[in-house]
Amino acid sequence: MEGMRQLTRLKTVRRGRRARPVNLLVLLFGTVFLLFLLQWLYSIPPPKFSPQTRPSCRYSKEGYVLKEEAICTETCGRVCFPRVHGICFGHSKVTICDGQSQFYSEMPEQMRFHMEEPRKKVPVRGGFCPGWDPDNKKPLERTNQGQAGIRKRKHARWIHGLQMVADLTLMPHGKAGPNPHHESEKVIPAILMSQLYSLKNSTFYWFADPYDPTSISMWSKGLLKVFASQMKVEYLHPVVADEFPTCFEDAIIFAGLTNAAYIPNEAAHDWLRQKVLAHCKIPRMNARRPLSDVIVLNRPNSSRNIANFKEMQEMLEKELHLAVKVAEPGPLEFCQQVRLVAEADVLLTPHGSQNVAVLFSRPSAVILEVFPLLYYIDWLGNLLHAGKVYHYELYGTWTTERLGMPFQMRLYAVLLGWKRCFSVRGCMNYGKRQKIFVDLDQLEEILHTLTSSCRLAVHGSRCLRAYETQSILPLEH
């Protein structure tokens, strides 16, 4: 028995001795392969973006058209806001009266309100509404009259007539701060509808706190102030537990994402720009030729700042023969934000929510929007489609130094690239938080195109003669 044990141990030792060189060989080849893989990965240059042909935006002469189920405009695609006949906002759910939810395809599945937690999700469901007459599709006859347009029913507060109602969807809270872009998706269409189109007798009801600086931006409050004497706005507190719901007989709901093409035509854009510039006491004028003001909006304290700012500035000054003015968008008053962009002949700006102010740029101004590497969305182009400006996009790159591009960025670039990154949340959020390296080759090419085509005329340029008889060049791209 003892001999058998010794023999077994001997065989085990021999197998171990044979296996050791094999394991070392595997480790050696694995290390070589890993080094080769890393060398290959670090040798990959930043990927170039190949933009797809964007569908052309067309102007909607009718503007917003009110229908039974929505109010819509046809511009850069279809932009619609749902219209609901009978809706109640309670603490635990939003109820579409009479179980009609299947008829409102544009309605979101949930809405957001500040309750026990910021931006709490509240489901939207069909069901019973207190005080609603299902046979006549309207609230029951009045029992007690409150303020104008509002009737108190048993177990509900009813607001009569066609109204506009907004929640906090897509509006960040806390450290992320307010987002003027997503706020404007609610505010600007409401202004246009109430002033130019079918909702001139409607009030804009917003479930938001105007005194909370983390809830609504100074931008949106300033924009609403421009129309304070012409547009009715009422801020609503969300319904607390055990409180009767707030109900609307007929409501346009602002609670979804748009493609930013919510200004239907040039007439609407010109009207909005004129009203805001007059309120801010900023002279209305076309972009100057020869150029006078070249402004760069930089965000040095943001993750999305321009990393190669000095090189980019030198190129602008060399090609445009002007000193560049640098401005920080920051937490400025509304009219200060407007003035930053409204006095620029050429504006270079990182992609971001602050760019909603570009709506008030001078006609024929050149807008250069720069993106971080791997992050791209076309909302500013849609927003400006009727603004009579030249809008160009510059797609981010990275420093060509060997270890310049972060390892995670390299992985996303190889595995997803530009086209798929935006559809993967992790890659999208990573990309949009990165600093921006402006592609100087692309910037130089765009500037040459602008100056050679006379869309920009610099001092001493042959193009100046074209402006002696014509203040605005045609805006075909």
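Please read all numbers here as calculations on a predicted model, not as lab measurements. (Residues numbered from 1 in each chain as written. Predicted model: local features only at pLDDT ≥ 70, side-chain atom pairs only at ≥ 80, totals over all residues. Heavy atoms only, no water.)

Asker: Please explain the overall build of the protein chain as it appears in this structure.
Answerer: A count of helical and extended segments in the protein chain gives eleven helices and 18 strands. The proportion of buried residues among the 477 residues of the protein chain is 51%. Of the roughly 23800 Å² of accessible surface on the protein chain, a fraction of 54% belongs to carbon and sulfur atoms. (Helix = DSSP H or I, 4+ residues; strand = E, 2+ residues; numbered from the N terminus. Buried < 20%, exposed > 50% of the residue type's maximum accessible area, 1.4 Å probe, protein only. Areas by Shrake-Rupley, 256 points an atom, 1.4 Å probe, with all protein chains shown as cover.)

Asker: What should I look at first to understand the packing of helix α5 (residues 309-320) against helix α11 (residues 440-452) in this one?
Answerer: Axes are the key here: two packed helices are described by the angle between their axes and the distance separating the axes. Interaxial distance between α5 and α11 falls to 11 Å at its minimum, and their mutual angle equals 20°. One element, α5, and the other, α11, form an angle in the roughly parallel class. Remark: the crossing between α5 and α11 carries right-handed chirality. On α11, the residues touching Glu311, Met312, Met315, Leu316, Glu319 and Leu320 of α5 are Leu440, Leu443, Glu444, Leu447, His448 and Thr451. Its residues placed into classes, the contact of α5 with α11 shows seven nonpolar, two polar and three charged. (Axes fitted to C-alpha atoms, helices over the stretch in contact; angles between N-to-C directions. Parallel < 35°, antiparallel > 145°, perpendicular 65-115°, else oblique. Left-handed = near helix turned anticlockwise from the far one by under 90°. Contact = heavy atoms within 4.5 Å. Nonpolar A, V, L, I, M, F, W, Y, C, P; charged D, E, K, R; others polar.)

Asker: Where do I start with helix α8 (residues 407-415) in this structure?
Answerer: A turn of α-helix holds 3.6 residues, and therefore any two residues three or four places apart point the same way. Looking only at α8, the buried set comprises Met409, Arg410, Tyr412 and Ala413. Relative to the axis of α8, the buried residues are bounded by an arc of 165° and lie together on one face. Gly417 sits one or two positions beyond α8 and adopts a positive phi of about 70°. (Arc of directions from axis to C-beta.)

Asker: What should I look at first to understand the pattern of salt bridges in this one?
Answerer: Opposite charge on two side chains lets them pair, provided their charged atoms get close. All chains considered together, the criterion is met by 14 salt bridges. One salt bridge connects Arg78 with Glu74, and the closest N-O pair in it is separated by 3.5 Å. Put simply, Asp250 and Arg83 hold a salt bridge, and the shortest N to O gap is 2.7 Å. Note that Asp250 is positioned in strand β13 (residues 246-254) and Arg83 in strand β3 (residues 77-89), a separation of 167 residues in sequence. Among the charged side chains, a salt-bridge network with shared partners connects Arg288, Asp293, Lys325, Asp345 and Arg362. (Salt bridge = Lys/Arg side-chain N within 4 Å of Asp/Glu carboxyl O.)

Asker: Teacher, can you tell me more about the nonpolar core here?
Answerer: The tendency in soluble globular proteins is for nonpolar side chains to be buried side by side. Formed by 64 residues in total, the largest nonpolar core has its most connected members in Trp206 and Leu223. In terms of residue count, the dominant contributor to this core is helix α2 (residues 180-196) (six residues). Leave out the neighbours within four places in its chain, and Leu223 touches Val187, Ile188, Ile191, Val276, Phe334 and Phe360. Counting 27 residues, the second largest nonpolar core, distinct from the first, contains Ile306, Val366, Tyr390 and Leu456. (Core = buried A, V, L, I, M, F, W, Y, C linked by side-chain atoms within 4.5 Å.)

Asker: Got a minute to help me understand the packing of aromatic side chains in this structure?
Answerer: Given two aromatic rings, one states the distance between the centres and the angle between the planes to describe the pair. Counted under the stated rule, the structure contains 25 aromatic pairs. Summarising the aromatic geometry, the rings of Phe49 and Tyr376 are spaced 5.0 Å apart at their centres and angled 40° between planes, so their arrangement reads as tilted. One end of the pair, Phe49, is in the loop between α1 (2-43) and β1 (65-66); the other, Tyr376, is in the loop between β17 (366-370) and α7 (379-383), and 327 residues separate them in sequence. The interplanar angle of 85° and the centroid separation of 5.1 Å between the aromatic rings of Phe113 and Phe207 together place this pair among those described as edge-to-face. On the criterion of sequence distance, the pair formed by Phe113 in strand β5 (residues 110-113) and Phe207 in the loop between β11 (203-206) and α3 (218-226) is long-range, its members being 94 residues apart. For Phe113, a relative accessible area of 2% gives the class buried. Through a chain of ring-to-ring contacts, the aromatic side chains of Tyr64, Phe81, Tyr197, Phe204, Trp206, Tyr235 and Phe254 assemble into a single cluster. (Phe/Tyr/Trp six-rings, centres within 6.5 Å; stacked < 30°, edge-to-face > 60°.)

Asker: Which parts of the structure should I look at to understand the environment of Cys72?
Answerer: Positionally, Cys72 belongs in strand β2 (residues 70-75). Owing to a relative accessible area of 4%, Cys72 belongs among the buried residues under this scheme. The sequence separation of Cys72 and Pro264 amounts to 192 residues, and the corresponding C-alpha distance is 9.6 Å.

Functional significance is not addressed by these values, which are geometric in nature.
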